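Examining the three-dimensional arrangement
Each chain, letter by letter, is given below.
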2 protein chains.
Amino acid sequence: EEGAFRQIRYTLNKTLRPSEVAHLIEKSPPKERRLLWSLIHKDIEADVLQELGDDVKSEILSKMNTSEVLAISEALETDDLADMMQQLPETVMHELLRSMDHQNRERLEKILSYPEDTAGGLMNTDTITIRPDITIEAALRYLRRHAELPDMTDSLFVVSRKDTYIGSLPLTRMLVSDPSSTVREMMVTDKPPIPADMEDTQVAKLFEQEDLVSAPVVDEEGQLLGRITIDDVVDVIREDADHSLMSMAGLDEDEDTFAPIMKTTRRRAVWLGINLITAFLASAVIGLFEETIGKVVALAVLMPIVASMGGIAGSQVLTLMIRGQALGHVERSNAGWLLNREMVVGALNGILWALVVAVIAIIWFQDLTIGIIIACAIIINLFAAALAGTMLPIVLKAWGIDPALAGSVLLTTITDVVGFFAFLGLATFFYS
Amino acid sequence: EEGAFRQIRYTLNKTLRPSEVAHLIEKSPPKERRLLWSLIHKDIEADVLQELGDDVKSEILSKMNTSEVLAISEALETDDLADMMQQLPETVMHELLRSMDHQNRERLEKILSYPEDTAGGLMNTDTITIRPDITIEAALRYLRRHAELPDMTDSLFVVSRKDTYIGSLPLTRMLVSDPSSTVREMMVTDKPPIPADMEDTQVAKLFEQEDLVSAPVVDEEGQLLGRITIDDVVDVIREDADHSLMSMAGLDEDEDTFAPIMKTTRRRAVWLGINLITAFLASAVIGLFEETIGKVVALAVLMPIVASMGGIAGSQVLTLMIRGQALGHVERSNAGWLLNREMVVGALNGILWALVVAVIAIIWFQDLTIGIIIACAIIINLFAAALAGTMLPIVLKAWGIDPALAGSVLLTTITDVVGFFAFLGLATFFYS
């Protein structure tokens with residue numbers, strides 16, 4: 001066993017990169033996770049930690065004492081440190097701030113003063129700045145005095161004496177420039193800097209549209225605060241895209257695949273409880289028609305079909321709308337077109353599948369009436385599904401509620417209630 | 001009206017960037033789209049086109065004649081051109097290949113020989129290569145002979161006389177090196193090049209883990225073929241993340257938010273048809289117990305609750321597993337742990353909500369038996385949901401079927417059938 005541990009320890013510390021160790025930890029159940037963490041060297045702990053997902057990271061941090069946290073914090077980049085701080089208990093956070101030197105504390109407090117999901121919270125302070133009036137040759141000499149440049153440095157930022165952002169000098173441009181020309185002549189100024197309070201999803205869109213590698217961040221006065229790099233933006237894109245998927249199932253996008261039993265049970269219980277209210281609402285609607293069902297039991301057999309068709313059709317529309325909102329395609333101005341398209345699509349598919357279901361129902365129960373009733377109910381419910389699927393995301397967003405989280409529950413409530421009410425209501429009318 | 005058009009034309013061609021024009025086109029319904037496209041200048045058509053989503057791009061391409069396609073192709077980068085080629089009719093594609101000069105055709109055919117979803121299909125051929133034995137100073141002089149360097153050039157690739165990849169020289173490293181040292185001394189060799197047949201999702205993981213901006217692509221003999229840049233990788237990440245969300249609703253991740261009515265109706269009809277089979281299966285199960293329902297109509301009122309709780313619990317597990325697979329966390333080796341966790345969570349939540357539902361049902365229908373029956377049925381169905389939610393993605397993936405696409409339909413089938421069967425079966429036993 002000793003030998004096996006030594007082997008694992010060697011692999012973790014010598015063969016794998018920190019990102020690979022982090023991946024290994026993330027895909028291990030809790031017990032192995034703690035074992036793996038205990039086997040890695042102090043020197044790579046910080047590197048591994050910052051590659052971990054939020055849920056896993058805070059689990060590991062919560063098990064450390066203050067001095068361990070302090071040791072790790074020294075090896076982190078400022079933006080990662082700021083992220084980590086937000087997951088620490090208040091007391092540890094203050095101790096950590098006290099322990100830092102003046103310059104680092106100031107930098108960190110600057111980042112911490114912006115919410116985590118803004119450009120300010122995303123930025124790092126490792127910018128390389130130059131003045132506009134020096135020559136390219138002087139700039140090159142200045143760079144050569146550095147032992148190394150920060151990762152992902154693709155541009156130098158040109159600032160005034162008062163640190164006001166003026167422009168960027170891409171390294172690729174610097175390398176093909178005449179050495180005697182000045183920075184001012186060669187810098188680019190057509191890409192405006194990012195304001196520190198811009199939302200992180202907006203920053204991601206900008207990076208995607210402009211194919212950026214790094215971008216300067218400025219405050220309201222135009223002073224250079226730091227820079228955002230594509231690696232952090234990729235995390236935003238990944239989380240943002242995961243958000244819709246996970247929220248629609250009532251899960252958190254940071255949710256750890258291997259979260260412990262009690263944590264998982266608690267989170268899931270809430271969602272089941274909310275959905276139970278929906279289910280009881282549907283039951284209550286069915287309860288209104290108990291008498292009719294007692295007379296025609298075939299109704300009980302067929303009624304889930306009406307609700308299910310509405311739910312499926314509606315969730316297709318809802319998903320398309322939610323993705324459209326995330327991509328910035330769906331706005332009030334084109335909501336009318338979308339609603340119109342969905343109503344027509346709902347009508348066409350409603351008629352098609354209403355006919356199919358009607359024929360099967362008539363043959364199954366040897367009853368023409370039930371065929372007519374279910375056909376009408378399906379068409380009505382697909383209309384309701386198109387309407388709810390299109391409008392819910394728009395209305396919820398306008399009210400500041402996340403459509404991905406609340407949309408699917410509300411949609412199912414609507415398609416269940418409308419479906420059961422239309423089907424059983426029509427039946428009560430026809431069979432009495 | 002003339003004036004309004006002139007205004008729009010000016011905005012499209014002078015004020016907005018190509019990526020912004022593309023975004024504007026994507027968020028417009030078909031008719032406005034065609035109008036917008038007709039208003040943009042020939043010179044920016046190619047730039048706009050390559051920023052568009054696949055669905056929109058092929059719609060616009062399908063309306064062009066061969067000479068228009070040829071004109072646009074000249075302005076595209078090789079990897080974008082290769083992407084476009086795959087959406088053209090066979091005849092136009094051959095014409096296009098014939099019209100190109102030898103060097104460009106060869107480059108393009110190299111990319112086209114790899115599937116679109118591999119490193120080879122993703123790469124571009126605009127690499128800057130140098131030899132290992134020259135000095136940094138000579139390399140800098142060589143660079144200065146270029147009018148400009150390709151976008152996203154963060155490294156030069158070091159190759160042998162036979163074009164075999166040897167290492168990379170990051171610009172950031174080059175700029176801090178002693179000019180008299182050689183490229184061989186300063187190049188980095190610890191990051192292996194990407195084989196051309198690596199899957200694009202694998203490439204994306206590598207870029208994310210290693211925080212890369214660009215990476216060299218090589219063939220089996222180690223010859224440098226081209227490079228992949230982060231902007232194309234971001235597209236892969238975005239599409240990959242969208243894939244799970246869209247597939248779970250039976251939608252294609254390339255689906256255009258503003259697809260025309262007939263296209264939408266057809267795509268949706270298929271999914272509704274598949275789900276209808278599921279719904280009829282559930283109905284058939286209910287049909288087995290028609291007699292019992294005739295005796296106790298309350299069963300019809302409560303049965304959707306059992307099915308719905310199972311469906312919700314199951315889709316939470318399924319979503320977590322599908323995301324876990326996409327992140328590379330879920331494998332056979334840890335499936336046992338996950339199944340165990342989900343069964344325990346299912347049992348705990350099953351007991352909790354079974355009690356709640358039982359109490360409500362007993363009060364509602366003044367019937368103790370129905371409370372016991374529904375409690376048992378809910379516990380059984382949450383077990384089935386946990387089992388199906390965990391195992392379906394693993395089994396489907398092993399069979400080469402996309403769990404995101406087939407998982408949700410199969411899961412609902414299972415939770416509906418098990419839910420109705422358990423509830424009505426138990427009822428038949430207790431009430432007869």
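As a convention, each chain's residues are numbered from 1 in the sequence order in which they are written. Numbering of ligands from 1 and lettering of chains from A proceed in the order in which they are written. This being a predicted model, a pLDDT of at least 70 is required before a residue's local features are given, and a value of 80 or more before pairs of side-chain atoms are given or counted; all residues contribute to the totals for chains, interfaces and linings. To obtain the side-chain values, all non-hydrogen atoms of the structure were included, while hydrogens and water were left out.

**Re the relation of the copies chain A and chain B**
Note that the two copies of the chain are related through a rotation about an axis and a translation along the same axis. The least-squares superposition of copies is restricted to C-alpha atoms, and to residues with a pLDDT of at least 70 in both copies. Screw-axis analysis of chain A against chain B gives a translation of 0.0 Å along the axis, an RMSD of 0.1 Å, and a rotation angle of 180 degrees. Look at the turn and shift together and you get a two-fold axis relating the two. Two residues qualify as a contact provided that any one of their heavy atoms is within 4.5 Å of a heavy atom in the partner residue. Taken together, the interface assignments show that 100% of the residues at the interface of chain A recur at the interface of chain B, consistent with an identical surface on both copies.

**With respect to the domain arrangement of chain A**
Bear in mind that the domain bounds are from an automatic or database domain assignment. Along its sequence, chain A is carved into domain 1 (2-117), domain 2 (129-229) and domain 3 (261-430). Computed over C-alpha atoms only, the centres of domain 2 of chain A and domain 3 of chain A are separated by 53 Å.

**Some words on the interface of chain A and chain B**
Chain A puts 117 residues into the contact, and the matching count from chain B is 117 residues. Accessible-area loss on putting two parts together, using a 1.4 Å probe and summing over both, is the definition of buried area adopted here. For the pair chain A and chain B, the summed buried area comes to about 10,500 Å², and 66% of that belongs to carbon and sulfur atoms. Whenever Lys or Arg places a side-chain nitrogen within 4 Å of a carboxyl oxygen from Asp or Glu, that contact is recorded as a salt bridge. Where chain A packs against chain B, one counts 10 salt bridges. Between A:Glu210 and B:Arg17 there is a salt bridge whose closest N-O contact spans 3.1 Å. A 3.5 Å cut-off defines polar contacts: any pair of N or O atoms within that distance qualifies, except that in protein one atom must be a possible hydrogen donor and the other a possible acceptor, and neighbouring residues in sequence count only when both atoms are side-chain atoms. Where chain A touches chain B, the interface holds 39 residue pairs in polar contact (both at pLDDT 80 or more).

**Observations regarding the sheet that holds strand E4 (residues 194-195) of chain A**
Residue and element names in this part refer to chain A. The criterion for strand pairing is that DSSP finds at least two bridges linking the strands in question. We count a stretch as a helix when DSSP gives it H or I for four or more residues in a row; a strand needs E for two or more, and each element gets its number in order from the N terminus. Taken in spatial order, the 3 strands line up as E4-E5-E6 in an open sheet, and their pairing is mixed. Each having just a single partner strand, E4 and strand E6 (224-229) make up the two edges of the open sheet. In this structure, E4 lies alongside strand E5 (residues 214-218), joined through 2 bridges in parallel fashion. When the bridges of E5 are listed, isoleucine 194 appears paired with valine 217.

**Structural notes on the packing of aromatic side chains**
Given two aromatic rings, one states the distance between the centres and the angle between the planes to describe the pair. We call Phe, Tyr and Trp rings a pair once their centres come within 6.5 Å, taking the six-membered ring for Trp, and we label the pair stacked below 30 degrees between planes, edge-to-face above 60, and tilted otherwise. One pass over the structure, following the stated rule, counts 12 aromatic pairs over all chains. Taken together, a centroid distance of 5.6 Å and an interplanar angle of 75 degrees make the contact between A:Phe289 and A:Phe421 edge-to-face. Note that A:Phe289 is positioned in the loop between helix H16 (261-288) and helix H17 (290-295) and A:Phe421 in helix H21 (residues 403-430), a separation of 132 residues in sequence. Burial classes follow relative accessibility: with a 1.4 Å probe on protein chains only, a residue under 20% of its type's maximum area counts as buried, one over 50% as exposed, and anything between as partly exposed. For A:Phe289, a relative accessible area of 10% translates into the label buried. The class of A:Phe421 is partly exposed, set by a relative accessible area of 45%. Taken together, the aromatic side chains of A:Phe280, B:Trp364 and B:Phe365 make up a single cluster linked through ring pairs.

**Brief notes about the nonpolar core**
Membership of the largest hydrophobic core comes to 107 residues, with the highest contact counts inside it found for A:Met84 and B:Met84. Residues contacting B:Met84, with those up to four places away along its chain left out, are B:Leu49, B:Leu61, B:Val69, B:Ile72, B:Ser73, B:Leu76 and B:Leu96. Counting residues in each nonpolar core, the second largest holds 90 residues, with A:Ala269, A:Leu272, B:Ala282 and B:Met303 among its members. Residues belong to a common nonpolar core when they are buried Ala, Val, Leu, Ile, Met, Phe, Trp, Tyr or Cys residues joined through side-chain atoms within 4.5 Å.

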